[in-house]
Amino acid sequence: MGSKKVRLLGILALVVVMFLGWNILSYGQNVYVVGTSADYPPFEWVDGNGNYVGFDMDVIRSIAILEGIKINIKDIGFDALVPALKSGKIDIIAADMTITAERAKVVSYSEPYWASDFDILVRKGSNLNVVTALSQGHKVGAQTGTTQADFLDNLKKSGINVQIKLYETNDLAIMDLLAGRIDTFIGDSPVSRAFAKSHPDKLVDIGVIHTGENAGFAVKKGDPKGILPLIKDGLSKLHSTGIWDNLVKAYFTGNLDKITTSYAKCKHYFKSGDPVSYAAALASSMTEK
Ligand code: ARG
């Protein structure tokens, strides 16, 4: 064999070994796939640079760092999340998913991490109130597969005259509300409030329906990968380090319009494995006047 050929083979072998080594390394690191439906500010949405941002996203990123695991976030439709968990395409659902008895038959939940009700949105000047917006034949939009969709279904079954329109994503529902194709939108309270705030001249939040729902993170039934103990421990660390309070401050009192610049400014703290500084910096950036 000529020495050129030998060298070529050598390089080829090196490339193969490097490739295998890389794969084995990243397998060893346990990458957990986090499924979300990134249409739900302030819990999860996509910023101006294409990053997944929001309370759930940063909670799960912080837990991952503190527990020494790797995550990979995947945006899929809300109604596809539970099937994806069952089939093993994703490992964790982080999507402001309400803990319901029905769902608990097919997934396992973390402890509840957020309580919320529903808020009702209409177009400004429409003169609808919480009662009329959900009756008299009005068209009401909600996301497919959600507790809001179930709620509307029950209204209809109990004989109330509503026309239900279900959407794959909440962004599409809001577009239809703005365009007058539906009269009412119903979502979790912080979300409806966030949408109202981002369209202050066009939309108005007319009130709450108290449901007392609680959101949890979900994993495959029975937690075969042992993820729930990590989430539990991670959540308690978030509370004891002040990360939790700062993320609450950033996303539930801050100006969500600032997220693109704030995330760009703060995300390096995640890269260097410092979620405490990340959350503190994000909170002050989002609430800065
Ligand atoms: N909390 C409601 C439910 O669990 C709606 C959640 C929608 N979440 C989302 N990321 N789009 O059914």
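Anyway, here's the lowdown on the structure attached to this text.

About the cut-offs
Residues numbered from 1 in each chain as written. Predicted model: local features only at pLDDT ≥ 70, side-chain atom pairs only at ≥ 80, totals over all residues. Heavy atoms only, no water. Helix = DSSP H or I, 4+ residues; strand = E, 2+ residues; numbered from the N terminus. Buried < 20%, exposed > 50% of the residue type's maximum accessible area, 1.4 Å probe, protein only. Contact = heavy atoms within 4.5 Å. Areas by Shrake-Rupley, 256 points an atom, 1.4 Å probe, with all protein chains shown as cover. Lys, Arg positive; Asp, Glu negative; His and termini not counted. Charge placed at Lys NZ, Arg CZ, Asp CG, Glu CD. Salt bridge = Lys/Arg side-chain N within 4 Å of Asp/Glu carboxyl O. Phe/Tyr/Trp six-rings, centres within 6.5 Å; stacked < 30°, edge-to-face > 60°. Pairing = 2+ DSSP bridges. Right-handed = clockwise from strand over helix to strand, strands pointing away. 1 Å grid on protein atoms, 1.4 Å probe; cavity = no way out; pocket = protein on both sides within 12 Å on 5 of 7 lines; lining within 4 Å. Points joined across faces, edges and corners; volume = space filled by probe spheres on them. Nonpolar A, V, L, I, M, F, W, Y, C, P; charged D, E, K, R; others polar.

**Topic: the overall build of the chain**
Stage number 1. The number of helices and strands found in the chain is 12 helices and 12 strands.
Stage number 2. With the C-alpha coordinates aligned to their principal axes, the bounding extent of the chain is approximately 85 × 45 × 40 Å.
Stage number 3. Burial status across the chain gives 46% buried among its 289 residues.
Stage number 4. Excluding contacts between residues fewer than 6 apart, the proportion of contacts in the chain whose partners are at least 24 apart in sequence is 73%.
Stage number 5. Approximately 14200 Å² of the chain is accessible, and the part contributed by carbon and sulfur atoms is 58%.
Stage number 6. Treating the 31 positive side-chain charges of the chain as one cloud and the 30 negative ones as another, the clouds have centres 8 Å apart.

**Notes on the pattern of salt bridges**
Stage number 1. Counted according to the given criterion, the structure contains 10 salt bridges.
Stage number 2. The partner of R193 in a salt bridge is D119, and the shortest N-O contact between them spans 3.5 Å. A residue pair is termed long-range when its members are at least 10 positions apart, and R193 in helix 7 (residues 189–198) and D119 in strand 7 (residues 114–123) qualify at 74 residues.
Stage number 3. Judged by relative accessible area, which is 2%, D119 ranks as buried.
Stage number 4. Salt bridges sharing partners connect three or more residues here, namely E67, D233 and K237.

**Looking at the packing of aromatic side chains**
Stage number 1. Scanning all chains against the criterion turns up 13 aromatic pairs.
Stage number 2. Their ring planes at 85° and their centres at 6.0 Å tell us that W45 and Y251 sit as a pair that is edge-to-face. Here W45 is found in strand 2 (residues 45–46), whereas its partner Y251 is found in helix 9 (residues 243–253), with 206 residues between them in sequence. Neither residue differs from the other here; W45 and Y251 are each classed as buried.
Stage number 3. Centroid distance W114 to F252: 4.1 Å. Interplanar angle 15°. Geometry classified as stacked. Of the two residues, W114 sits in strand 7 while F252 sits in helix 9, which places them 138 residues apart along the sequence.
Stage number 4. Judged by relative accessible area, W114 falls into the buried class, the value being 18%.

**A look at the pairing of strand 9 (residues 162–167)**
Stage number 1. Of the strand pairs in this sheet, strand 8 (residues 138–143) and strand 9 are connected by 6 bridges, and their pairing is parallel. Bridge pairing in strand 9 places H138 opposite V162.
Stage number 2. Since strand 8 and strand 9 lie parallel, the crossover through helix 5 (residues 147–157) that links them has a hand, and here it is right-handed.

**Regarding the layout of surface pockets**
Stage number 1. The calculated volume of the largest pocket comes to roughly 520 Å³.
Stage number 2. Around the largest pocket, the lining is made up of 22 residues, and of these P41, A194, F195, S198 and L256 lie nearest the centre.
Stage number 3. Mapped onto the lining of the largest pocket, the elements with two or more residues apiece are helix 6 (170–179), helix 7 and helix 9.
Stage number 4. Residue contributions to the lining of the largest pocket peak at 6 residues, all from helix 7.
Stage number 5. Of the residues in the lining of the largest pocket, the class split is 12 nonpolar, 5 polar and 5 charged.

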